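Coordinate inspection notes
The primary structure of each chain is shown beneath.
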Amino acid sequence: MSSEYESTPFSFADFDLAAPLLQAVNEAGYETPTPIQKEMIPHVLAGRDVVGQAQTGTGKTAAFALPLLSMLQPTKDKSPQILVLAPTRELAIQVAESFTDYGKHLKNFNVLAIFGGQDYSIQLRQLQKGVQVVVGTPGRVMDHLRRGTLKATTIHSLVLDEADEMLRMGFLDDVEWILEQLPNRKQTALFSATMPQNIRKIAQKYLHEPVEITIKNKAVTAQTINQRCLITAGGLMSKVEALSRILEAESFDGVLVFVRTKIQTAEIAEQLTALGYLAAPLNGDIQQSTRLRTIDQLKSKKIDILVATDVAARGLDVERISHVINFDIPFDTESYIHRIGRTGRAGRSGEAILFVNPREQSMLRSIERATRQKIQTMALPSITDINKKRIENFKEKISGALLGDIAFYEKLIEEYLQETQADPRRLAAALAMLTQGNTPLLKPEPKFAPMAAPESRRSVPESRRGMSENRRTKPAENRPRARKNMAVQLPPEEGMERFRIELGNDQGVKPGNIVGAIANEADINSKFIGRIAIYDNYSTVDLPFGMPEDVLRVLQRARIGSKAMKLQKIIDDTSLAAPGTAVQKPKRKSTETRKKDQYKGVPANAAL
Ligand code: AMP
């Protein structure tokens, strides 16, 4: 291995973090601190105020959560000690969940997310029970401070997360008001992706000699590497499906798949092995001798795919790596540049593919800035593409076999043909079937009614702008060629996926109720809510691909009237078999004007 990657491995154990936090980090499978964590954690532990220029995806949450939790004081009444302000309810929930995860081994520890739109009584109950960490949107935090339901006096640490976003959303006055209400504030951390003048002013006015940390982006040009990105859903399953389709559609030699955690290296390698690939994990927990052996196996073609963390793949130099797949987007641009540099070695060309979920677009932009090139978006290989490739490969196998020594079999077949008078073409087909065994040669198409697809595809552009006439779902019985009693259901449009709600006609649900519940509870702009179909005792709704887990959780609990929606993603579309009355979502004004488009700007070309 070469030493071309400058930074030395560094572990969480090198920080002075409390043992329960180290245990949580270890269990999360984090191998090494991200650059922002490495720089920031020691300063926060030392009690300094900090300003971090970092965006989502850099690991910034752990950069403040771990040291602040490490310094939590044991108190009897569990009064709030840490307050985090976040611009959106989505981020507040996400940050609260991270605190809960990192603090899971702390005794008697509670975190609460407070945000607008949620019933006060739930928040009040939790606040009365006692929580050490409160994560909230500015408006709701102000309300609680004014009412005295959130006690300002015990809060000693304040975090302003995504400060530029808070200011963009018009929360400047609220944030300043909150800053002034905390008489015992001892430490403040401010995070912002950009540092406009008004953020600097806040830092100057309210922070005490803050340490400023910016993770610099080194620029490189990697001409021999063809870079592409695929917009994926955030979910693990859809990324695994995307990976398997890419591996099928691309012609590769050696592949390096980058993931974030040690646990994932093993999981993804296992899944690839189950799919028939020669894959192995590579992470920092694996003994050096085993790691070297694995790399040798890649070199000697005993394995084709390595699933690695950044640390384990540092300096890896294997000529046959034709593809680097960034299954998880890296934390910083430097890691990206290092990762893709594992291909295109020794004057060869290489392919780099980056999976980006809709919330990671800002890191994608940073990478583009750092590499000074636009990364082309690729489409997810379709089932048709994959099957074309499978047929091509199958034919190639036949051509290869024809070049081999097949004299024995030629004789055998000759004999067979004479004995049976079988048609040679049918005989060849029977042999082909035998070689294929129980696995069908072709990947099955999704079980949607094929006739519906062209209509759906045509309507894609309109769907991004809002509802249009041609994307209305006609009642099943009116659709041309729809056979009686046959399940005919339009597939979700490109970039959308279908969810099931356990409420339907029998429960008196109307499309407007569904739109209202989703738009209000999950803060999803109603223009992103797609086709709705209401059946007797359930309904379906199409939503943009890539719904983050936290949003899904909110929607699972959301209610229409007094009944829970129990929203679930439909994985197996056979559950849609019953023909029902498909209805169009009514046009409806968004109730939310200052929040951004949901999932932070779902791209029009969302592929999976
Ligand atoms: P954040 O930028 O805080 O939103 O974090 C982005 C993602 O990175 C989250 O899913 C974290 O769980 C994950 N993460 C944070 N720090 C690390 C680390 N040191 N190693 C691996 N994953 C991490």
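Residues numbered from 1 in each chain as written. Predicted model: local features only at pLDDT ≥ 70, side-chain atom pairs only at ≥ 80, totals over all residues. Heavy atoms only, no water.

**Focus: the overall build of the protein chain**
Of the regular secondary structure elements, the protein chain holds 22 helices and 21 strands. Residues counted as buried form 51% of the 608 residues belonging to the protein chain. When the accessible surface of the protein chain is split by element, carbon and sulfur atoms take 51% of a total near 28,900 Å². (Helix = DSSP H or I, 4+ residues; strand = E, 2+ residues; numbered from the N terminus. Buried < 20%, exposed > 50% of the residue type's maximum accessible area, 1.4 Å probe, protein only. Areas by Shrake-Rupley, 256 points an atom, 1.4 Å probe, with all protein chains shown as cover.)

**A few points about a nonpolar patch on the surface**
Taken together, the side chains of F408, Y409 and L412 present a nonpolar region at the surface, about 360 Å² in accessible area. Within the element layout of this structure, Y409 appears in helix 16 (residues 407-420). In this structure Y409 comes out as exposed when scored by relative accessible area, which is 54%. (Patch = residues over 30% accessible without salt bridge, like charges linked within 9 Å, V, L, I, M, F, W, Y side chains within 5 Å. Salt bridge = Lys/Arg side-chain N within 4 Å of Asp/Glu carboxyl O.)

**Observations regarding the site of the ligand**
Around the ligand, a shell composed of 15 residues is seen, among which Y30, Q37, G57, G59 and T61 lie nearest. Interatomic distance of 3.0 Å between a backbone N/O atom of T58 and an oxygen atom of the ligand. In terms of residue class, the shell around the ligand is made up of four nonpolar, nine polar and two charged. (Near = heavy atom within 4 Å. Polar contact = N/O pair within 3.5 Å; in protein donor to acceptor, adjacent residues only side chain to side chain. Nonpolar A, V, L, I, M, F, W, Y, C, P; charged D, E, K, R; others polar.)

**Some words on the sheet that holds strand 10 (residues 279-282)**
Here seven strands make up an open sheet; going across it, the order is 10-11-9-12-13-8-14 and the pairing parallel. Looking along the sheet, the strands with just one partner apiece sit at the ends: strand 10 and strand 14 (376-377). Examined bridge by bridge, strand 8 (residues 225-231) and strand 13 (residues 350-356) share seven bridges and lie parallel to one another. Across the sheet, the residue bridging to R228 is I353, located in strand 13. In the packing of helix 11 (residues 262-274) onto the sheet, contacts are made with strand 10 and strand 11 (305-308), and the angle to strand 10 comes to roughly 175 degrees. (Pairing = 2+ DSSP bridges. Contact = heavy atoms within 4.5 Å. Axes fitted to C-alpha atoms, helices over the stretch in contact; angles between N-to-C directions.)

**Things to note about unusual backbone geometry**
Even without a glycine there, the phi angle at E209 is positive, about 35 degrees. For E209, the position within the fold is in the loop between helix 9 (197-206) and strand 7 (211-214). The backbone of K566 shows a phi angle near 50 degrees, a positive value even though the residue is not glycine. Inspection of the secondary structure assignment puts K566 in the loop between strand 19 (563-564) and strand 20 (568-569).

**A short note on the pattern of salt bridges**
Summed over the entire model, instances satisfying the criterion amount to 24 salt bridges. For E162, the salt bridge goes to K60, with nearest N and O atoms at 3.9 Å. Placement of the pair is E162 in the loop between strand 5 (157-160) and helix 7 (163-168) and K60 in helix 3 (residues 60-70), with a sequence separation of 102 residues. Each member of the pair, E162 together with K60, is buried. Between E241 and K443 there is a salt bridge, and its shortest N-O distance comes to 3.5 Å. On the criterion of sequence distance, the pair formed by E241 in helix 10 (residues 236-249) and K443 in the loop between helix 17 (424-436) and helix 18 (453-458) is long-range, its members being 202 residues apart. Relative accessible area serves as the criterion here: at 26%, E241 is assigned to the partly exposed category. Relative accessible area serves as the criterion here: at 17%, K443 is assigned to the buried category.

**Structural notes on the pairing of strand 1 (residues 50-53)**
For strand 1 and strand 7, the ladder comprises four bridges, and the chain directions are parallel. What sits directly across from V51, in strand 7, is E212. Judged from the four bridges that link them, strand 1 and strand 6 (residues 187-192) form a sheet pairing that is parallel. When the sheet's bridge partners are listed, G52 is paired in strand 6 with F191.

**Points about the layout of surface pockets**
Size it by volume and the second largest pocket reaches roughly 980 Å³. Together, 31 residues line the second largest pocket, and E248, L275, Y277, R390 and N393 are the ones closest to its centre. Looking at the lining of the second largest pocket, the elements that each hand over two or more residues are helix 10 and helix 15 (383-402). (1 Å grid on protein atoms, 1.4 Å probe; cavity = no way out; pocket = protein on both sides within 12 Å on 5 of 7 lines; lining within 4 Å. Points joined across faces, edges and corners; volume = space filled by probe spheres on them.)

**Digging into the side chain of T265**
Along the polypeptide, T265 turns up in helix 11. Of the polar contacts made by the side chain of T265, one reaches the backbone oxygen of K262; its length is 2.5 Å. Beyond its immediate stretch of four places on either side in the chain, T265 contacts V259, P281, L282, N283, V307, A308 and T309.

**Structural notes on the packing of helix 13 (residues 333-340) against helix 14 (residues 361-371)**
As a packed pair, helix 13 and helix 14 sit with axes 9 Å apart at the nearest point and diverge in direction by 65 degrees. By the angle class used here, helix 13 and helix 14 are roughly perpendicular. Between helix 13 and helix 14 lies a crossing of right-handed hand. Contact residues: T333, Y336 and I337 in helix 13; S366, I367, A370 and T371 in helix 14. (Parallel < 35°, antiparallel > 145°, perpendicular 65-115°, else oblique. Left-handed = near helix turned anticlockwise from the far one by under 90°.)

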